[in-house]
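A look at the structure
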Amino acid sequence: MEHRLLAIDEGHQRLSLIDTRDRGAGWTLSLDELPLARDLQRLGPDRALVGYDHGFFELDIRTGAVCNVCERWREVTAVRRLPNGSTLVTGTDLDGDKGIVMLTLDRDLRETARIRRDGNYVRLMRPVSDGYLLCSNDHILETDLTLNELVTAGVVDAGL
């Protein structure tokens with residue numbers, strides 16, 4: 001099987017393009033200057049959005065070049081670019097707000113909305129049809145558009 005894969009190695013803080021058809025086509029980027037990169041979204045054939053502790057950046061997939069860095073916060077864990085060009089930034093205790101905070105930035109990176117809910121950690125956020133999925137230490141939470149809880153699913157201890 002042949003694959004072209006863009007992947008974050010969080011433990012070693014590296015971002016890599018791996019091409020099993022052409023080993024010379026891949027690259028690896030150190031993320032030492034962009035700590036705790038965790039979230040990744042493909043924006044198009046040659047562009048990706050990468051979320052990291054201080055914000056997010058865009059990445060040229062062909063070359064591994066970092067573009068359009070937005071570095072404003074601490075404790076960012078998830079980012080998502082929406083079809084309208086807005087960017088959601090989610091983390092804990094952002095900009096002095098306590099709890100889980102989600103910011104909406106317009107195309108010019110101006111904050112247009114802010115919502116929050118109680119909580120001390122969020123690992124992943126994904127928009128769904130009428131709200132969001134928020135993944136945490138031991139549960140997945142489905143919320144409405146204002147982060148009010150709709151459904152909580154606990155994680156079964158796998159004994160790991």
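Quick note: structure is the one above.
So, here is what we can say about the structure in this document. Since we're looking at a predicted model, the values are computed, not measured.

To continue, consider the nonpolar core. If you look at the biggest cluster of nonpolar residues, it comprises 14 residues, and the most contacted ones within it are Leu-6, Leu-15, Trp-27, Leu-31, Phe-57 and Leu-59. Taken together, the elements giving at least two residues each to this core come down to β2 (14-19), β3 (27-30), β5 (47-52) and β6 (55-60). Apart from residues lying up to four places away in sequence, Trp-27 is in contact with Leu-6, Leu-15, Ser-16, Leu-17, Leu-59, Asp-60, Ile-61, Arg-62, Thr-63 and Gly-64. The next biggest cluster of nonpolar side chains, apart from the first, holds 11 residues, and it includes Leu-49, Val-79, Leu-94 and Leu-103.

As a further point, take the pattern of salt bridges. Within this structure, the stated rule accounts for 14 salt bridges. Across the pair Asp-46 and Arg-62 runs a salt bridge whose closest N-O atoms are separated by 3.6 Å. Placement of Asp-46 in the loop between β4 (39-44) and β5 and of Arg-62 in the loop between β6 and β7 (65-71) is noted, with a sequence separation of 16 residues between them. On the accessibility criterion, Asp-46 (32% relative accessible area) is partly exposed. With a closest N to O distance of 3.1 Å, Arg-114 and Asp-95 form a salt bridge. Of this pair, Arg-114 sits in strand β11 (residues 111-117) while Asp-95 sits in the loop between β9 (87-92) and β10 (100-105), and the two are 19 residues apart along the sequence.

Another point: the side chain of Thr-92. On the secondary structure map, Thr-92 appears in strand β9. Each residue touching Thr-92, except ones within four places of it in the same chain, is listed here: Arg-74, Glu-75, Gly-99, Gly-119, Asn-120, Tyr-121 and Val-122.

Before going further, it helps to spend a moment on the pairing of β4. Here β4 runs beside β5; their pairing, made up of five bridges, is antiparallel. Note on β5: the bridge partner recorded for Asp-39 is Gly-51.

The four strands are arranged β4-β5-β6-β7 in an open sheet whose pairing can be described as antiparallel. At either end of the open sheet lies a strand with only one pairing partner, and these are β4 and β7. Taking each pair of neighbouring strands and ignoring which way they run, the sheet shows an average axis angle of 20°. The sheet contact formed by β6 and β7 spans five bridges and is antiparallel. If you follow Gly-55 over to β7, its bridge partner there is Glu-71.

What follows concerns the side chain of Gln-13. Mapped onto the secondary structure, Gln-13 falls in the loop between β1 (4-9) and β2. A relative accessible area of 12% means that Gln-13 is categorised as buried. Only 3.5 Å separates the side chain of Gln-13 from the backbone nitrogen of Ala-37, close enough to count as a polar contact. Filtering out sequence-adjacent residues up to four positions away, Gln-13 remains in contact with Leu-29, Ser-30, Leu-31, Asp-32, Leu-34, Pro-35, Leu-36 and Ala-37.

The four strands are arranged β8-β9-β10-β11 in an open sheet whose pairing can be described as antiparallel. The outermost strands of the open sheet, each flanked by one partner alone, are β8 (76-81) and β11. Strand-to-strand twist across the sheet, computed as the mean angle between neighbouring axes with direction ignored, equals 15°. In this sheet, β11 lies alongside β10 in antiparallel orientation, the contact comprising six bridges. Bridge pairing in β11 places Leu-105 opposite Glu-111.

The rules behind the values
Residues numbered from 1 in each chain as written. Predicted model: local features only at pLDDT ≥ 70, side-chain atom pairs only at ≥ 80, totals over all residues. Heavy atoms only, no water. Core = buried A, V, L, I, M, F, W, Y, C linked by side-chain atoms within 4.5 Å. Buried < 20%, exposed > 50% of the residue type's maximum accessible area, 1.4 Å probe, protein only. Helix = DSSP H or I, 4+ residues; strand = E, 2+ residues; numbered from the N terminus. Contact = heavy atoms within 4.5 Å. Salt bridge = Lys/Arg side-chain N within 4 Å of Asp/Glu carboxyl O. Pairing = 2+ DSSP bridges. Axes fitted to C-alpha atoms, helices over the stretch in contact; angles between N-to-C directions. Polar contact = N/O pair within 3.5 Å; in protein donor to acceptor, adjacent residues only side chain to side chain.

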